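# A look at the structure
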Amino acid sequence: MQRKLERNFTIILLVMTVLLTGTLHFFPGLHSYAFFDTDENDDVYSVMQLIREDNSLVVQDKNLGASTHQLRMELPSDVNPEDVEISQQPLYKSFTISIPGVDNNYVYSYPLVGSSDHISDFTFDYSAGCGVFEIITDSVYELNTTMEGQYLYFDFLDPRDVYDAIVVVDAGHGGKDGGCSNGDALEKDINLAITEKMKPLFEEDDYNIGVYYTREKDFNPPYSSRVGLANELQVDLFLSVHINSTASGRVSGINGSEVMYRSADESGLSKAFANNCLESMLSTLGSNSKGLVAGDEIYIIRTSQVPVALAEIGFITNNEEKNKLISEDYQQKAAESLYNAIVNTLKENKKL
Ligand SMILES: [Zn+2]
């Protein structure tokens, strides 16, 4: 009898601990809740793991029997799974999942099931009739989403397992850092316009190349994040897109394309990639050659652990070339020339 009481007491204590731990995560009045905690060993524990002692990654799928997924989200019956918006945030370290028509009660009533070693933090925000999960990952992953009825299954996949080759494309400058300029023409805008025009080329070709962009809008990621993305992913190629100017910034007759490489790269891959970029630009754009330049003093080149090329498409300080650089047609050609340089270099390196 005494032992049974002790056991009951232990169970009650355990349940209370679980409830208290859960409650501590849900401070009323705040719209953001942390679900995951990290222990000293850097193992990630989730609220789900408190509920599911077996810590299983296997989710029972009604139709297919047992199927292995990392996370399962259940939607209320009045939410159409097609209306759920999933997007990967800049620099690819987090995903947001927006569920229209749910409120704070959603997270209590429909807990996520499963767990993933790749999740380092997890929040839920509710505003304007929409619940938004943010899943922060410990590295860059491709999110595979499977919809089945009111269930959404999520799997975080290593890009290497998804693509034949991976590259990072960096549009130089951004936000408050406009780069070089001539009148209204800003380098940051031209760089972004060119990298945006590269996107459909990769999306519509028959190659399986994973492309990660350091920015897809007007903001200025730190240099360490730009090169960090390339290094962390150990990409096959890292391309940074820039526009040149005279050192003084004054308008002059100097014009042409130039590509920087990392001379300390003993494999020679950086120089070979840079050379392909230069040759491709010269033939497609018909620009003057300003040649290949060792750019090891540039931070993103010096700290790159992967084959890097920094393409200076042309000179903004040359009025004639500036007018070309701000035209859609010339930007399209620049995008095509750099796309071709990437594909050809990947082929040369037997990545495609
Ligand atoms: Zn620049």
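Look above for the structure.
Parameters at a glance
Residues numbered from 1 in each chain as written. Predicted model: local features only at pLDDT ≥ 70, side-chain atom pairs only at ≥ 80, totals over all residues. Heavy atoms only, no water. Salt bridge = Lys/Arg side-chain N within 4 Å of Asp/Glu carboxyl O. Helix = DSSP H or I, 4+ residues; strand = E, 2+ residues; numbered from the N terminus. Buried < 20%, exposed > 50% of the residue type's maximum accessible area, 1.4 Å probe, protein only. Contact = heavy atoms within 4.5 Å. Pairing = 2+ DSSP bridges. Axes fitted to C-alpha atoms, helices over the stretch in contact; angles between N-to-C directions. Core = buried A, V, L, I, M, F, W, Y, C linked by side-chain atoms within 4.5 Å. Domains from an automatic or database assignment. Donors = N, O, S within 2.8 Å, 3.2 Å for Na, K, Ca; no water.

With that settled, the discussion passes to the pattern of salt bridges. Taken as a whole and assessed by the stated rule, the structure comprises 8 salt bridges. With a closest N to O distance of 2.8 Å, Asp170 and Arg226 form a salt bridge. On the criterion of sequence distance, the pair formed by Asp170 in strand E14 (residues 165-171) and Arg226 in helix H6 (residues 223-233) is long-range, its members being 56 residues apart. A residue is classified by how much of its surface remains accessible, and Arg226, at 1% relative accessible area, is buried. The shortest N-O distance in the salt bridge between Glu216 and Lys199 comes to 2.7 Å. Taken together, the positions of Glu216 in the loop between strand E17 (209-213) and H6 and Lys199 in helix H5 (residues 187-204) put the pair 17 residues apart, joining distant regions of the chain.

Time to look at the side chain of Gln331. Looking at where Gln331 falls in the secondary structure, it is placed in helix H10 (residues 328-348). Classification of Gln331 as buried rests on a relative accessible area of 6%. Those residues in contact with Gln331 that sit more than four places away from it in its chain are Ile190, Ala193, Ile194, Lys197, Leu325 and Ile326.

Below, the discussion takes up the sheet that holds E14. In sheet architecture, strand pairing relies on hydrogen bonds along the backbone and comes in two forms, parallel and antiparallel. With mixed pairing, the 6 strands of this open sheet are ordered in space as E17-E14-E18-E21-E19-E20. Of all the strands in the sheet, just E17 and strand E20 (289-294) have a single pairing partner and so form its edges. Strand after strand, the sheet turns through a mean of 20 degrees between neighbouring axes, direction not considered. Inspection of the sheet shows strand E19 (residues 257-261) paired to strand E21 (residues 308-315) by 4 bridges, in the antiparallel sense. Across the sheet, the residue bridging to Met260 is Leu310, located in E21. Against the sheet, H5 makes contact with E14, E17, strand E18 (237-244) and E21, and its axis sits at roughly 140 degrees relative to E18, the strand it touches most.

Below, the discussion takes up the nonpolar core. Counting 59 residues, the largest nonpolar core has Tyr212, Phe238, Leu239, Ile313, Leu338 and Ile342 as the members making the most contacts within it. Residue contributions to this core reach at least three from each of two domains, namely domain 1 (27-157) and domain 2 (163-348). Those residues in contact with Tyr212 that lie beyond four places of it in its chain are Tyr92, Val140, Glu142, Pro159, Tyr163, Ile166, Val167, Val168, Val169, Leu229 and Leu233. Grouped together as the second largest cluster of nonpolar side chains are 22 residues, Val79, Tyr106, Phe124 and Leu143 included.

Once that is clear, we can look at the coordination of the zinc ion. Summarising the metal site, the zinc ion is bound by the protein donors His173 (NE2), Glu187 (OE) and His242 (ND1), whose distances to it range over 2.1 to 2.2 Å. Going along the chain, you hit the donors of the zinc ion in the pattern H-x13-E-x54-H. Highlighted residues: His173 in the loop between E14 and strand E15 (181-182) and Glu187 in helix H5, separated in sequence by 14 residues. Like His173, the residue Glu187 is buried in the burial classification.

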